Every structure is written in C-alpha cells, then in structure tokens.
Amino acid sequence: MSTEKSVWQKAFEWHEARLPLVSFVDNAVGSKYPAPKNLNYFWNFGFLAGFVLVLMIMTGIVLAMNYVPHKDMAFDSVERIMRDVNYGWLIRYMHANGASFFFIVIYIHIFRGMYYGSYKAPREVLWWMGIIIYLAMMATAFMGYVLPWGQMSFWGATVITNMFSAIPLIGEPIVTWLWGGFGVDNPTLNRFFALHYLLPFVIIGLVVLHIWALHIPGSNNPLGIEAAPADKIPFHPYYTIKDVFGLGVFLIVFFAIVFWLPNSLGHPLNYVEANPLVTPPHIVPEWYYLPFYAILRAIPDKLLGVVAMFGSILILFVLPWLDTSRVRSATFRPVFKLFFWLFFANGLVLGWCGSQLAEGLPLIIGRICTFWYFFHFFVIVPVVGWMETPRPLPASIGSSVLKAAE
Amino acid sequence: MANMAPAHSPAPSGADGETRRDFLLHTTVAFGAVGAGMAVWPLIHSMNPAADTLALSTTEFSLATLQEGQAITIVWRGKPVFVRFRTKEEIEAARAVPMSELTDPQADDVRVKKGKEQYLILEGVCTHLGCIPLGTKPMDQRGDFGGWFCPCHGSHYDMAGRIRKGPAPANLKVPPYTFLDDTTVRVG
Ligand code: HEM
Ligand code: FES
C-alpha cells in the first residue's frame, strides 16, 4: 500500500471533512450499516418502494412539462402526451402503472411488517412513519388520478371529497373549501395539480424520518429476535447486491405490464372526458383503494361509513399496543399465523366486493368482511397474543442455522 | 447573567407557583399563536370560492315549454338542477306520506312554492357523496319511490325529492329560487 495519497483522495477527504455526504450515505445504507444476516426477499420491498418513488418523481416532472391543469385542456393535453410528445406514451404508462406497482410494493412491505411483527417495540415510531407515508401516497395517487380529467377522475374526486361533508356542522364549508367552488371544477383541478406535485417531495422527507427511525434499533429479521453483532453483515455490498437482483425481477414484471398490458390496471371510462352532468352508472376507485371503498359502502350510514373507512387505516397506528404478544415473528406463533393469512384473504375479498355494485351478495359479503377486518384487530390480535403458546425462540440467529444443519 | 437562571432568582410567584416569567412566556406564546393564525388565514381563505366563481351563482330559465309529467335539467353553478312538472296524482302521493316514514321529515308543501306546487325544483346532487341521481330523463330508472334513484350507492328519493332508502342522510336540497313571472325562474 503506498503511503502517498492521490490528489483525488485528498480532495475527497477535504470535502468529506467539511460535508460528510458520502459517509452519511455509507452509514445509512452502505457498508457501515450492519444488517441481520438472515433477511429474506421480503426485505427487498423497502428498497423497491424507494426506487418507485424516484421513478414516479422523474416521470412526473417530465409529464408536468406537457400537462395543462385546466378543465378545458387537461384531457386533451394527456391525449397529446400519448400521441404527439416523443416517448410520451412510455412516460405516461410508466407513471400510471408505476402508481399501481408502488401500491403493490407497499402492500407487500406492510404485510411483511405485520407477519414478522416489525411494528412491535422498539419499532413503533418507525411503523407510524410508514403509515403516514402510506396515507400521503394515497392522497398523492388520488389527486394524480384526477389530473387526466376523465369520467372516473371527475366522479372519483366528487365522491371522495364529498366524504368530508359527513363531518357534522363544518362538513359542508370544508368541502366547499376543498373544491374552491360549488363542485369539483377548475379550481379543484388546479390545486390538486399543485398538491400532486408537492406531496411526493413531502414523502421523501417522511422516508428520511422512516430510515432514521429504522437505524435506532436496526432492521428486524425473519426470526424476530434481537440480532447479535456477530449475526450482522454490512448492508453494502451484501444487501445492495441482493436488492439490485430483486430490482431486476421487479423491472421485468413492471415493464411487461407497461409494454403489453398498459391499461389493464386502469379503468376504460377514464378515456372519456369528464362530464359534470352525467354520473357513470358504476363508479369504482383505483384497485388499491377497493378494500376501503368496500368498507365505506358496507355501512348504510353516511357518517359511520366514512368513519369506518378512515378508521380501518388509522387503526394501524395502535396495532403495536393491540398485539399483546412479545414474540415478533409469526414463524413462532402458529395460531397468529393462521389468523394472519385469514386477514390477508379477508382483505382480498374486501377488494373484490369494492369492485362490485353495492347490492345483493357482494354487499352481504362486504359486510361480513368489514366486520372481520375490525374483529381481527380488536379481538383476534389481543386475545391470540394473550392465549397462544409460542414455539421456543432460538438463542440467536446463528444458532438457529447451526441447529438446522446438525 | 443572573436573569438567565430563573431557578436561582427569587422571582415573585403567585399562589399556584406561577412566576412572572411564566406569565410572560405564556402570553408571548399566546400572542405568537394568534399572530401565526392570522398570518395563515389569507392562505387558507384563498382556497375558498373566488369572487368570479361566486359571481356565476344565478341562472334564469323558462318553464313555458315544460309539459305536465316532464322533467328537465338545468345547470346552476356547474351542477345540475332538476325541474319536474308533477302530475296531480304525484302531488297527492307526495302529500299522503306520513312524516313517520321519512328519514329527514319534511312536508311536501315546504319543498315547493305556494301556488306553484306542480313545479318541483331540486339540486340534482345526491346528499350521500354527490353523484347525480337518475330519474329526470324519461327512460331513467326512478327507484322504489318513483322519484329519483342514485346508482352510486343506491339511494332512493320520492316524488318530493325526499330520501326514502339508502345511505344518503338528507333530502335532495331545494336551491334558493324565485318566480320572476308566471313561467320564468331565477335560481340563486
Ligand atoms: C408518490 C409519487 C406519485 C404517485 C403515486 C403519482 C400517481 C399518479 C397517478 C395515479 C396519476 C394518474 C395516471 C393516469 O391514470 O393517467 C398521475 C398523473 C400525473 N402525475 Fe403523478 N404521481 C406521483 C408523483 C408525481 C410527481 C412528483 C409529479 C411531478 C409533477 C407528477 C405529475 C403528474 C402529472 C402531470 C400527471 C397527469 C398526467 C397523466 O395523467 O398521466 N406525479 N400521478
Ligand atoms: S352518492 Fe348517491 S348514493 Fe352515494
């Protein structure tokens, strides 16, 4: 090893001494972040979510250069992006499908946390930051979907904003304020564009807090037990390379949809321009809101329906305290594991109910599933945590592997 | 400096242990909060309907060509207003409904103008989540009570636009309107 430092090395150290940017990143997601050595592929999805966020911002900014946020021009400007702007079709299809994939990735990420008990002490605030990110994503995607100003954009926006009118007394003035008029109209479109541009950058800030909170206790792992220093390996290169491999798989699936089925996740009615005087016979939100839409419609009372819908997400904030078991990973909790998958299936069925007209069988099933959704959190989770006898935990991550090898 | 260490200075304290310094701190924070609120108000209020939006709030139209049994939709503030020329039987049916059967009890005659009971004028916006109920066009589905039916989440309205079934909490709103002459109406 030569003792003489190169001029580049010196320049780098001079700069790092004044603004330690590279060290900061290296500490956060590099060789100085020790991660448990047993992380499985479900731990890829945080990285993937970050990747999709960057993808959304990059494609979004380019779209915004050709998009016109005016009710008379928005729809045509999106059609122009699709037909005339160079690669406009690609950029828009990446952005529209990117939103769907963002939610796929985040849902897997959230269910990962629920399965392996990542929300439990000491990671409650990390969990909270995640839920706030999820709420911000929902708001962003909702306002983004309004921008092309199709029939679903318009009527989706009408139904969602009207939910606030369920608030007693101040509901109506709030809705008028949200609209900037007497209905969803040009002022609404304008402000939604401004906020749709802003919120992703707020999400970046929230992601920084999320990662910060992650670094206080470090990553959880599939066994859910504390990882001793001997059971940790540097994030870079071990997990960076694993994440990049996962990214490759993700991109194959993502671009298969972007190129061959670009409209499969959207609704054809959004290619019809918004008409404030004609409500489509069957309004459905984007697929990622369907379970919550089903909960809204399951309850025949306006205020209670809206409360249940928002409550179904807000309840996640108190999950760390509803769960009375101190064992994190479902691997060691046979009864919880069963109910976890039941809850997961219940969510899928709710999603299906949300896509159907709210009558007959789908309505009845939707009511049963809505009941189960809340029953799971309020009764199953606390009671199972209290009654269940978990399987014995391994002494350490290393010992669990060595035992299996014997 | 002595006055930077309040714990050591014999600051006069009231009966509840509050010092003059606490009082100053609390009043400063209170004034700061009020000031911040006042500074933010213009930003919030700028999102309420602007003067030109409010200026579009009246519409005039004529009922001269509307026949008994027909209904039309006019546009007021960018939203539909339903105008229905009700038949004698429809008015009778609407009047006959006992108040106890209504979710949002309102007699038929308070929802129309005296002497003009045949003209039912309503905001065509479902009081649930804002969809436009069907029932104005001749071929439309009109729901179980013969008035309007909102397809979004299944609300049924009767011949006076009153909610009878479904998730909507209130009757279809009656917009403010006046008869300028026998057949001309101004809404807004
Ligand atoms: C959290 C990240 C984001 C999400 C989840 C998101 C989601 C969406 C969605 C669902 C649409 C409707 C797509 C369609 O059906 O056409 C949309 C449209 C749009 N977004 Fe975003 N977006 C994000 C970030 C951004 C950013 C940072 C910008 C930058 C200004 C942007 C600009 C636009 C524009 C101009 C449109 C309208 C064009 C179109 O409809 O394709 N988006 N967005
Ligand atoms: S908006 Fe009419 S029933 Fe929901």
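As the structure is a computational prediction, the values presented were derived from the model and not from experiment. Within each chain, residues carry numbers counting from 1 in the order of the written sequence. Here chains are named by letter from A upward and ligands by number from 1 upward, in the order in which they appear as written. It should be noted that, the model being predicted, local features are given only for residues of pLDDT at least 70 and side-chain atom pairs only at 80 or more, the latter also being counted only at that level, while totals for whole chains, interfaces and linings use all residues. In computing side-chain values, all of the structure's heavy atoms are included and hydrogens and water are not.

A. Structural detail: the overall build of chain B. The secondary structure content of chain B amounts to three helices and nine strands. Along chain B, helices (α) and strands (β) appear in the sequence α-α-β-β-β-α-β-β-β-β-β-β when read from the amino end. Dimensions of chain B along its principal axes, counting C-alpha atoms only, are 90 × 40 × 30 Å. For each residue, the accessible area found with a 1.4 Å probe, counting protein chains only, is set against the maximum for its type, and the residue is called buried under 20%, exposed over 50%, and partly exposed in between. Counting every position in chain B, which comprises 188 residues, the buried fraction comes to 39%. Any two residues whose heavy atoms approach within 4.5 Å at even a single point are treated as in contact. In chain B, once contacts between residues fewer than 6 apart in sequence are set aside, the share between residues at least 24 apart is 51%. With residues, only the protein chains shown are counted as cover, and all accessible areas are computed by Shrake-Rupley using a 1.4 Å probe. A total of about 10,500 Å² of accessible surface is found on chain B, and carbon and sulfur atoms cover 61% of it. We score Asp and Glu as negative and Lys and Arg as positive, and we do not count His or the chain ends. Just so you know, the charge point we use is NZ for Lys, CZ for Arg, CG for Asp and CD for Glu. Between the averaged position of the 19 positive side-chain charges in chain B and that of its 20 negative side-chain charges there is a distance of 2 Å. A helix here means a DSSP run of H or I that spans at least four residues, while a strand means a run of E at least two residues long, and both kinds are numbered starting from the N terminus.

B. Molecular detail of the coordination of the iron atom of ligand 1. All names here are of chain A. Summarising the metal site, the iron atom of ligand 1 is bound by the protein donors H95 (NE2) and H196 (NE2), whose distances to it range over 1.9 to 2.0 Å. The donor set comprises N, O and S atoms within 2.8 Å of the metal, extended to 3.2 Å for Na, K and Ca; water molecules are omitted, so apparent gaps in a site may simply reflect that omission. In these descriptions, tetrahedral denotes four donors with every angle between 85 and 135 degrees, square planar four donors and octahedral six donors with opposite donors over 155 degrees apart and the rest between 65 and 115, and irregular any other case. Coordination at the iron atom of ligand 1 is octahedral, judged from the six donor atoms that bind it and the angles of 87 to 179 degrees they form at the metal. Separated by 101 residues along the polypeptide, H95 in helix α5 (residues 88-115) and H196 in helix α9 (residues 186-215) bring together distant segments of the chain. The burial state of H95 is the same as that of H196; both residues are buried.

C. Layout of the sheet that holds strand β1 (residues 59-62) of chain B. Residue and element names in this part refer to chain B. Pairs of strands are assigned from DSSP output, requiring at least two bridges between the strands. Within the open sheet, the three strands sit side by side as β1-β9-β8. Their pairing is antiparallel. Only two strands of the sheet have a single neighbouring strand rather than two, namely β1 and β8 (177-179). This sheet shows a mean twist of 20 degrees between the axes of neighbouring strands, independent of strand direction. Pairing between β8 and strand β9 (residues 184-187): three bridges, direction antiparallel. When the bridges of β9 are listed, T178 appears paired with R186. Interaxial angle, 0 to 180 degrees, is taken between N-to-C directions of lines fitted to C-alpha atoms, where a helix line uses only the stretch in contact.

D. Up close: the site of ligand 1. All names here are of chain A. In the vicinity of ligand 1, 25 residues are found, and the nearest of them are G60, R92, H95, H196 and Y197. Here H95 contributes a side-chain N or O atom positioned 2.8 Å from a nitrogen atom of ligand 1. Residue H196 places a side-chain N or O atom 2.8 Å away from a nitrogen atom belonging to ligand 1. Taken together, the elements giving at least two residues each to the shell around ligand 1 come down to α3 (45-64), α5, α6 (124-146) and α9. It is α3 that contributes the most residues to the shell around ligand 1, seven residues altogether. Any residue with at least one heavy atom within 4 Å of a molecule or strand is counted as near it. Counting of polar contacts relies on pairs of N or O atoms within 3.5 Å, with two restrictions inside protein: one atom must be capable of donating a hydrogen and the other of accepting it, and residues adjacent in sequence are counted only when both atoms are side-chain atoms.

E. Highlighting the state of the cysteines. Residues and elements named next belong to chain B. Here, two cysteine sulfur atoms that lie within 2.5 Å of each other are counted as a disulfide. Scanning all chains against the criterion turns up one disulfide over all chains. With its sulfur 2.1 Å from that of its partner, C131 forms a disulfide with C152. Since a negative S-S torsion denotes a left-handed disulfide, the C131-C152 link at about -90 degrees is left-handed. Of this pair, C131 sits in the loop between β4 (119-123) and β5 (148-150) while C152 sits in the loop between β5 and β6 (155-157), placing them 21 residues apart in sequence. Here C131 matches C152 in class, with each residue buried.

F. Spotlight on the pairing of β1(B). Residues and elements named next belong to chain B. By the alternation rule, side chains of β1 split into T59 and F61, which are all buried, and E60 and S62, of which none is buried. As paired strands, β1 and β9 are joined by four bridges and run antiparallel to one another. Across the sheet, the residue bridging to E60 is R186, located in β9.

G. Quick peek at the nonpolar core. In this structure, M114(A), Y134(A), Y373(A) and F377(A) are the most contacted members of the largest nonpolar core, which totals 121 residues. Here this core gets 14 residues from one element, more than from any other, and that element is α5(A). Residue contacts for M114(A): discarding those within four places in its chain leaves Y119(A), W127(A), L319(A), F336(A), F340(A), F343(A) and F377(A). The definition of a nonpolar core used throughout is a set of buried Ala, Val, Leu, Ile, Met, Phe, Trp, Tyr and Cys residues joined through side-chain atoms within 4.5 Å. If you look at the next biggest cluster of nonpolar residues, it comprises 13 residues, including I74(B), V81(B), V83(B) and Y119(B).

H. Geometry of the interface of chain B and chain A. Counting residues at the interface gives 25 residues for chain B, matched by 26 residues for chain A. In this description, buried area is defined as the sum, over both parts, of the accessible area (probe of 1.4 Å) that is lost when the two are combined. Between chain B and chain A, roughly 2,200 Å² of surface is buried when both sides are summed, and carbon and sulfur atoms account for 66% of that area. What counts as a salt bridge is simple: a side-chain nitrogen of Lys or Arg found within 4 Å of a carboxyl oxygen of Asp or Glu. For the pair chain B and chain A, the number of links is zero salt bridges. Joining chain B to chain A, the criterion identifies seven residue pairs in polar contact (both at pLDDT 80 or more). Breaking the side of chain B that touches chain A down by element, the ones donating at least two residues are α2 (51-55) and β3 (79-85) of chain B. The residue classification treats Ala, Val, Leu, Ile, Met, Phe, Trp, Tyr, Cys and Pro as nonpolar and Asp, Glu, Lys and Arg as charged. All others, Gly included, are polar. Split by residue class, the side of chain B that touches chain A holds 13 nonpolar, nine polar and three charged.

I. Up close: the domain arrangement of chain B. Each assigned domain of chain B is listed with its residue range as follows: domain 1 (16-48) and domain 2 (54-187). An automatic or database domain assignment provides the domain bounds reported here. The gap between the C-alpha centroids of domain 1 of chain B and domain 2 of chain B is 47 Å.

J. The side chain of K242(A), seen in detail. Tracing the sequence through the fold places K242(A) in helix α10 (residues 235-260). Apart from the residues lying within four places of it in its own chain, the contact partners of K242(A) are L39(A), N40(A), Y41(A) and N44(A).

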